[in-house]
Amino acid sequence: MFTTFSIISHHSKSKYFNLLRTITNSRQINIDIEMKKLNDRKEFVKALDLLDKHKHQTILTDRIIVQALKACTQLGYLERGQIIHKNLSDSLLNNSYIQTTLIHFYMQCGRINDAQRVFDLSKNKTLIHYGAMMKGLIKNNMADKAIELFSKITNPDGILLCLLFNSCAQVQTKQALDFGKKVWSQMSSIYHGNKYILTSAFDMFVKCGDLENAESLFAKKNLTLNDYGQMMKCYNEHIMPMKTINLYEKMKHEGIQADSISFLLLIDACAQLGIESRCRSIVKQIPSMMLNDLKLQSALIHMWGKVGCINEAKEVFEQINQPNHVTYTAMINSYGLNGMGHDAIELYHRMPSKMIVDKTYTCILNACSHSGLVDEARAIFATIQMKNKWTYTAMIDCLSRLFLFDEAKQLIEEYECHQSPCLPMYMSLLSSIRNRNDASLARETIHRIRKLFQNVDDSLVPASILLTNTLASAGELEEASQIRWNMIQSGARKQIGLAWTEFNGEIAVFRVQDRSHPRTSEIYEELDRLEKELIEHGHKFDAN
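All figures in this text were calculated on a predicted structure; none of them were measured in a lab. Within each chain, residues carry numbers counting from 1 in the order of the written sequence. Only residues with pLDDT of at least 70 get local features here, since the model is predicted, and only at 80 or more are side-chain atom pairs given and counted; chain-wide, interface and lining totals rely on the full set of residues. Side-chain measures were taken over the full set of non-hydrogen atoms in the model, leaving aside hydrogen atoms and water.

A. Focus on the overall build of the chain. Helix and strand counts for the chain come out as 31 helices and four strands. Computation of the radius of gyration draws on C-alpha atoms, with the globule rule given as 2.2 Å multiplied by the number of residues to the power 0.38. Taken against the 2.2 N^0.38 rule, which gives 24 Å for 544 residues, the C-alpha radius of gyration of the chain at 32 Å runs more than 25% over that of a compact globule. Judged by the C-alpha coordinates and their principal axes, the chain covers about 110 × 55 × 55 Å. Only carbon and sulfur atoms are counted for the fraction: they give 50% of the accessible area of the chain, which is about 30,600 Å². A run of DSSP states H or I qualifies as a helix once it reaches four residues; a run of E qualifies as a strand once it reaches two. Both are numbered from the N-terminal end. Computed by Shrake-Rupley with a 1.4 Å probe, the accessible areas treat only the displayed protein chains as cover when residues are assessed.

This is the structure in structure tokens:
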């Protein structure tokens, strides 16, 4: 049973509702049905025109009002929707169907405060009210508020659970992930088989970087191409390229056809892996029709550059009829990675100036840095009008690699006159100080790092490791040992680096001091033999 009202009625409320009890008008039923049909066909203006045509001849039901508000929402007619809202009777203002439609209308128009007001004035809030608010908050990039609102719900349904997991996926903080994991672990088992909830939770775990739970849900899902893509992206972000490649093999086995996004992720994995044979194998499997995709071409240029196949990178670049800023920058970066600084500079000067972006500046300066072209780097740096932290960092790295520490420090001071200190600048400086074995300057630099970045936990571990290596190389073994002991006592850990190699068609993964390989004993015996042979030929190992 639906409440009714007339915006233009001049009757008192008592007479008005008495009138409604005695009137049966088939036209009013037809209007809401016809308006819904028009809205379903996306003919929103016609739906409102129909309302205008009959508003003096019919009683307007809440069904009609909802259809009118839906049309206003789709058209972005804020003022018209506000007029409808303003003329609602008290009984209709308490109609939950209209309340939730109003919340959606205001949220879609970006009027969060108006939507909140409707929600707050709703006396009997239902799960639909909460859902409309959460959906609107997510739409307006306020997912943290959606999570906060969810925490007030006693018995959420499946839709609200999906909205919560979507919110956590958007926020991507540890606090959001922890809350999402708690809800996931405590929710009723009846939801565990719901494909929509599984998909939303999987998306949350992937985007929040929870690899363990993402893999667990991945194994339970009826997998789609999008699921594979998300999992591959997650593996790439965790520097697990072989898992990405193995997923592709699983896709092929399951008969799922890879799309351009899948191949982009595979190319990224190959670039991480750095093994030429795997790159060539994957490229052969890319359909020829996809090879004209600019994004894919840019990724291929980057991949070939990473594995040292600069001719293949050039071949891809030269086949592009109209290179954009991404392809130009990728080619400049590939030259830089392979120590071809002069080629990078030549291409940089050929690049249309309107295409040059911040990343281009960073890549050309890095190219100069890797080739020791400090004068060329200075000249390019001087022409850059709007320098950001990465532009400064690249120039500081270039100067530091040539041990021009005073000039590098001057640039850091120049940057900090107008901006907050930037850790990567100090790490570039410290890394080169390590190569120079300058213990005094290393102490000075890490002292400043500890002072400036004391609240950034991740900054002190790699910086301290560089300091200990510098001290050890400079012969300050006691001090280096003490710092390492302090790090162990504090529980500080460095992220372990990985290396891959291929032997007889199989990929082997190695870590520092790794003993997981089944032939570990043989490997270390061979290393010992090589070390002794090198020493016999006069080689002196670094003390660290």
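B. A look at the state of the cysteines. In plain terms, two cysteine sulfur atoms within 2.5 Å form what is called a disulfide here. Tallied over the entire structure, the rule returns zero disulfides. Cysteine C208 is unpaired, with the sulfur of C168 as its nearest cysteine sulfur at 6.4 Å. What makes C208 buried here is its relative accessible area of 18%. Counting only cysteine sulfurs, C279 is the nearest neighbor of C309, a cysteine outside any disulfide, at a range of 7.1 Å. Its relative accessible area of 6% is what places C309 among the buried residues. Type-normalised accessible area, obtained with a 1.4 Å probe on protein chains alone, sets the label of each residue: buried when under 20%, exposed when over 50%, and partly exposed for intermediate values.

C. Structural detail: the nonpolar core. Think of a nonpolar core as a cluster: buried Ala, Val, Leu, Ile, Met, Phe, Trp, Tyr and Cys residues, connected wherever their side-chain atoms sit within 4.5 Å. Counting residues in each nonpolar core, the largest one holds 161 residues, and the members touching the most others are M134, F165, W184, M231, W304, I364 and L365. Among all residues touching W184, those that are not within four sequence positions of it are F165, H192, I197, L198, A201, F205 and L217. We call two residues contacting when some pair of their heavy atoms lies within 4.5 Å.

D. Broad picture of the environment of K70. Inspection of the secondary structure puts K70 in helix α4 (residues 62-75). Assessed through its relative accessible area of 38%, K70 is described here as partly exposed. Considered as a pair, K70 and N113 are 43 residues apart in the sequence and their alpha carbons are 19 Å apart. Excluding anything up to four places from it in sequence, K70 contacts N39 and T101.

E. View of the packing of helix α15 (residues 225-237) against helix α16 (residues 241-254). Note on geometry: axes are C-alpha line fits, over the in-contact stretch for helices, and angles between N-to-C directions span 0 to 180 degrees. Orientation of α15 relative to α16, taken along the N-to-C sense of each, is 165°, at an axis distance of 8 Å. By the angle class used here, α15 and α16 are roughly antiparallel. The way α15 lies across α16 gives a crossing that is right-handed. For the pair α15 and α16, the contacting residues are L225, Y228, M231, M232, Y235 and N236 in the first and P241, K243, T244, L247, Y248, K250, M251 and E254 in the second. If an angle is under 35 degrees, it is roughly parallel; if it is over 145, roughly antiparallel; if it lies from 65 to 115, roughly perpendicular; otherwise it is oblique. Left-handed is the label given to a crossing in which the near helix is rotated counterclockwise from the far helix by less than a right angle, and right-handed is the label when the rotation is clockwise.

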